[in-house]
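Observations on the three-dimensional arrangement
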Amino acid sequence: MLVSSLLTSLLLVQGTLGTELRKDGYSFHPPAGFVMVRHEPYAGTRAGAVALEPGAPRFLSAALSEGEGAEAARMLVAVVEGTFSASPSERDDFGAAVVRHFDKELGMTLVPERVDRIQGPVPRVEVLGTLREAGQVRTVLVAGLASEGRHAVMTVSAPAARWEAVAPQVRASLETFRMEAPTHGGLSRRAAGALAGALAGALVASYTAWRRRRRDGTSG
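Residues numbered from 1 in each chain as written. Predicted model: local features only at pLDDT ≥ 70, side-chain atom pairs only at ≥ 80, totals over all residues. Heavy atoms only, no water.

For helix α3 (residues 163-175), spanning 13 residues, the distance from its first C-alpha to its last is 18 Å, which sits close to the expected 18 Å at 1.5 Å a residue. Here α3 has its buried residues at Trp 163, Val 166, Ala 167, Val 170, Ala 172, Ser 173, Leu 174 and Glu 175. (Helix = DSSP H or I, 4+ residues; strand = E, 2+ residues; numbered from the N terminus. Expected span 1.5 Å × (residues − 1). Buried < 20%, exposed > 50% of the residue type's maximum accessible area, 1.4 Å probe, protein only.)

Laid out in structure tokens, this is it:
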């Protein structure tokens, strides 16, 4: 982990990673040269939003590209409601969910090559595979990043012939990813339980007082 952090810091200093991007409660440094693209074509879609639970609320948050045309590498960042711990048991489940997402929701066949658990600053599960798009073979990396309450899924694709050159910056970028702790307007479960108990107690006390007044009135 220390070696990974030092490498990431070095890449930041060297300019291999770009300016920090903050959006929808997360932040990270994308690889240098990756810029946000027009969001309109992606708005309302769930592309890249891999979820272990199919019914989980999720959305595509950001789309980036290092250029235009078939040779460009592309990156998607999606936000999924729900906790993801990147545990050993979730490793295989996430791998299966990635393949299912590409097949059922994107209409594409992703051929997985490996599924790994990475113990970085933010634990994650990475699925590396290939797919054929418009006659071109592209390497795809899908990473589910651990977080409580809500988590992010990052998808990066590049022409297979370019992947080895792109991969170091992509993985260094993943090391910088942080998801902010969710802020809930409601009460915590413990506080809600305490409030419910207090309300119930107050209700019983009010009812007892009402019965006493009624009894005293009747007696008089």
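So that's the structure; there's more coming.
The residue Asp 24 is not glycine, and still its phi comes out positive at about 50 degrees. Within the secondary structure, Asp 24 is located in the loop between β1 (21-23) and β2 (26-28). Given the relative accessible area of 32%, Asp 24 is considered partly exposed. In this model, Ala 134 sits at a positive phi of 55 degrees, which is unusual for a non-glycine residue.

On to the sheet that holds strand β3 (residues 35-36), then. Here we have seven strands laid out as an open sheet, ordered β3-β4-β5-β9-β8-β7-β6, and antiparallel in their pairing. The open sheet is flanked by β3 and β6 (111-118), the only strands paired with a single partner. As paired elements, strand β5 (residues 74-81) and strand β9 (residues 150-159) share eight bridges and run antiparallel to each other. Looking at β9, one finds that Val 77 is bridged to Met 154. Where α3 meets the sheet, it contacts β5, β6, β7 (124-133), β8 (136-145) and β9, and its direction lies at approximately 15 degrees from that of β8. (Pairing = 2+ DSSP bridges. Contact = heavy atoms within 4.5 Å. Axes fitted to C-alpha atoms, helices over the stretch in contact; angles between N-to-C directions.)

The analysis is restricted to geometry; functional conclusions fall outside its scope.
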